[in-house]
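Read off the chains here:
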Amino acid sequence: MKIALLPCAFLIFVFLLFFLIMYAVYDLCLKAKILRAKLKMQGVYGPEPSFVLGNIPDILKIKSKVSAEDATTNNLNKPLSLDCQSILLPHISQWTKQFGKTFTFALEKVQILYIGDEGPGASIGQRCSHNKEVWTHQRKSIAPTLYADKVKNMYSIVLESGDTLVKSWEKLVETKGGTVDIRVDEYVKNFTSSIFSKVIFGRCNVATKGLFSKCRNLMEASGSPTVLDGRPFYRFFPTKKNREQWRLEKEIYGSILELAKNCSISESKSVIQTLVEGSKHGVLGSSTCQQFIADNCKELCIVAMDVPGITGIWGLMLLALHPKWQARAHAEVLQVCGDQIPDAEKLGKMRVVCPSLQFIGFMTF
């Protein structure tokens with residue numbers, strides 16, 4: 001009897017092994033090729049990726065070349081460049097010249113669709129996916145909460161957080177006798193985090209959960225090594241940094257779900273409530289309702305934590321570099337608002353401040 005079972009077990013083993021090999025070939029090679037073929041049919045091209053690493057070797061090569069050129073042409077008298085993209089992402093600049101404003105590239109097996117435009121903040125990178133319905137449902141769930149008319153209604157939140165920020169600086173000035181050097185980085189990031197926490201979670205006490213601090217720690221933990229270090233699948237190894245990253249992701253996941261449970265009861269206009277409702281209807285793909293809520297909230301928190309803060313810091317730096325524009329903006333605010341608190345209507349009347357904000361956003365992104 002045992003002898004008769006051996007051929008069957010061997011056949012099952014061979015079948016499973018063959019299935020695993022075919023799945024690995026599809027996942028590592030064919031899946032990305034199918035996506036690229038679909039994009040090429042729509043006129044979207046890009047650099048040819050390698051088998052395992054994708055375009056990571058190309059990115060490292062371009063960065064190395066640019067660094068070498070900068071080292072040989074180092075000029076201290078050279079004016080400050082505001083072209084952040086060519087400095088931080090030289091591969092994007094090179095491929096934009098080569099393939100146009102829209103192109104595709106790969107990081108390992110992940111296919112990225114880059115869409116660039118001349119408008120403020122219009123350049124984005126989108127991870128390609130087979131499931132269009134999932135992405136569409138995700139966009140339809142979140143986008144309506146961030147329309148212009150909804151954002152205008154959130155102006156009181158901005159004023160409240162801004163008032164807290166200014167008072168903290170005034171207190172520092174008073175304690176230091178009228179003059180003080182302030183490192184604005186953390187203050188501005190906390191300011192923007194406060195705004196987005198109220199937008200996403202309403203009036204729930206996010207601070208007690210330490211959600212944004214965990215997201216910041218997650219970014220630091222996942223910052224090195226990155227997918228660009230050239231070691232395939234390294235992020236799956238149980239290294240110390242990876243274990244720390246997995247721990248933080250688990251804690252963030254739990255915090256968001258707890259907040260979703262508490263905030264959805266009392267906050268009917270917050271983003272978290274919109275996501276809770278969106279998780280009950282529509283196509284979620286392989287994600288569960290809880291994963292849909294947690295993943296979208298985590299992405300929003302990470303983006304809200306740094307991107308607006310960096311934009312604000314960049315704006316303060318530009319104003320410091322150009323005191324004439326600083327004086328013009330200050331005079332315009334006094335002229336339009338006087339002793340009153342600024343609101344959306346008054347902001348729309350400002351012909352210096354509004355274009356300056358748009359320019360800062362454009363240069364940041």
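Residues numbered from 1 in each chain as written. Predicted model: local features only at pLDDT ≥ 70, side-chain atom pairs only at ≥ 80, totals over all residues. Heavy atoms only, no water.

### Here's the deal with the overall build of the chain
Here is step 1: Per the secondary structure count, the chain includes 15 helices and three strands.
Here is step 2: Long-range contacts, defined as pairs at least 24 residues apart, comprise 65% of the intrachain contacts of the chain with a sequence gap of at least 6. (Helix = DSSP H or I, 4+ residues; strand = E, 2+ residues; numbered from the N terminus. Contact = heavy atoms within 4.5 Å.)

### Concerning the pattern of salt bridges
Here is step 1: For the structure on display, the rule yields five salt bridges.
Here is step 2: Note that glutamate 160 and lysine 198 form a salt bridge whose closest N and O atoms lie 3.0 Å from each other. Placement of the pair is glutamate 160 in helix α7 (residues 155-175) and lysine 198 in helix α8 (residues 184-201), with a sequence separation of 38 residues.
Here is step 3: Taking relative accessible area as the criterion, lysine 198 reaches 18% and is therefore assigned buried. (Salt bridge = Lys/Arg side-chain N within 4 Å of Asp/Glu carboxyl O. Buried < 20%, exposed > 50% of the residue type's maximum accessible area, 1.4 Å probe, protein only.)

### Focus: the pairing of strand β2 (residues 110-115)
Here is step 1: For β2, the buried fraction is high: five of the six residues fall into the buried class.
Here is step 2: Strand direction decides the pairing type here: strand β1 (residues 102-107) and β2, joined by six bridges, are antiparallel. Paired with threonine 102 across the two strands is isoleucine 115, which belongs to β2. (Pairing = 2+ DSSP bridges.)

### What to know about the nonpolar core
Nonpolar side chains in soluble globular proteins tend to end up buried together.
Here is step 1: If you look at the biggest cluster of nonpolar residues, it comprises 31 residues, and the most contacted ones within it are Phe201, Leu211, Ile256, Ile272, Cys297 and Cys301.
Here is step 2: For this core, the secondary structure elements donating two or more residues are α8, α9 (211-222), α10 (240-266), α11 (271-280) and α12 (289-321).
Here is step 3: The element that contributes the greatest number of residues to this core is α10, accounting for seven residues.
Here is step 4: If near-sequence neighbours (up to four positions away) are discounted, cysteine 297 is found in contact with Ile200, Phe201, Ile256, Ile272 and Leu275. (Core = buried A, V, L, I, M, F, W, Y, C linked by side-chain atoms within 4.5 Å.)

### A short note on the state of the cysteines
Linking two cysteines covalently through their sulfur atoms gives a disulfide.
Here is step 1: Scanning the entire structure with this criterion turns up zero disulfides.
Here is step 2: In this structure cysteine 215 is a free cysteine whose sulfur lies 4.9 Å from that of cysteine 301, the closest cysteine sulfur available. (Disulfide = S-S within 2.5 Å.)

### So, the confidence of the model for the chain
Here is step 1: Considering every residue of the chain, the mean pLDDT works out to 76; 77% of them sit at 70 or more.
Here is step 2: When mean pLDDT is compared element by element in the chain, helix α4 (residues 90-99) scores highest at 88, while strand β3 (residues 124-127) scores lowest at 52.
Here is step 3: This stretch, residues 118-123, has a pLDDT under 50; its non-local contacts, to residues over four places away or in other chains, come to 15 contacts. (pLDDT = per-residue confidence, 0-100.)

### A look at the packing of aromatic side chains
Here is step 1: Taken as a whole, this structure holds five aromatic pairs when the rule is applied.
Here is step 2: For the pair tryptophan 95 and phenylalanine 105, a centre-to-centre distance of 5.4 Å together with 40° between the ring planes defines the contact as tilted. Separated by ten residues along the polypeptide, tryptophan 95 in helix α4 and phenylalanine 105 in strand β1 bring together distant segments of the chain. The two residues tryptophan 95 and phenylalanine 105 agree in class, both being buried.
Here is step 3: Ring centres of tryptophan 169 and tyrosine 187 lie 6.2 Å apart, and the angle between their planes is 65°; on these two criteria the pair is classed as edge-to-face. Placement of tryptophan 169 in helix α7 and of tyrosine 187 in helix α8 is noted, with a sequence separation of 18 residues between them.
Here is step 4: An aromatic cluster is built from Trp95, Phe103, Phe105 and Tyr114, whose rings are joined through pairwise contacts. (Phe/Tyr/Trp six-rings, centres within 6.5 Å; stacked < 30°, edge-to-face > 60°.)

### Looking at the packing of α11 against α12
Here is step 1: For the pair α11 and α12, the least separation of the axes is 9 Å and the interaxial angle reads 150°. Looking at the two axes, α11 sits roughly antiparallel to α12. Remark: the crossing between α11 and α12 carries right-handed chirality. Between α11 and α12, the residues in contact are Val271, Ile272, Leu275, Val276, Gly278 and Ser279 and Cys289, Phe292, Ile293, Asn296, Cys297 and Leu300, respectively.
Here is step 2: Residues of the contact of α11 with α12, tallied by class, amount to nine nonpolar, three polar and no charged. (Axes fitted to C-alpha atoms, helices over the stretch in contact; angles between N-to-C directions. Parallel < 35°, antiparallel > 145°, perpendicular 65-115°, else oblique. Left-handed = near helix turned anticlockwise from the far one by under 90°. Nonpolar A, V, L, I, M, F, W, Y, C, P; charged D, E, K, R; others polar.)

### Regarding α12
Here is step 1: Taking 1.5 Å as the rise per residue, α12 with 33 residues should run 48 Å; its terminal C-alpha atoms sit 48 Å apart, in good agreement.
Here is step 2: Approximately 30° is the largest bend angle found in α12, and it occurs at alanine 304, with the proline proline 308 only one to four residues beyond. (Expected span 1.5 Å × (residues − 1). Bend = angle between axes of the 7 residues up to and from the residue.)

### Here's the deal with α7
Here is step 1: Counted at 1.5 Å a residue, the expected span for α7 with its 21 residues is 30 Å, and the 30 Å between its end C-alpha atoms agrees.
Here is step 2: Those residues of α7 not exposed but buried are Tyr155, Ile157, Ser161, Gly162 and Leu165. Projected down its long axis, α7 shows its buried positions confined to an angular sector of 160°, all on one face. When the buried face of α7 is taken as reference, the exposed residues oriented beyond 90 degrees from it are Thr164, Lys171, Glu174 and Thr175.
Here is step 3: Phi turns positive one or two residues past the end of α7, at glycine 177, with a value near 80°. (Arc of directions from axis to C-beta.)

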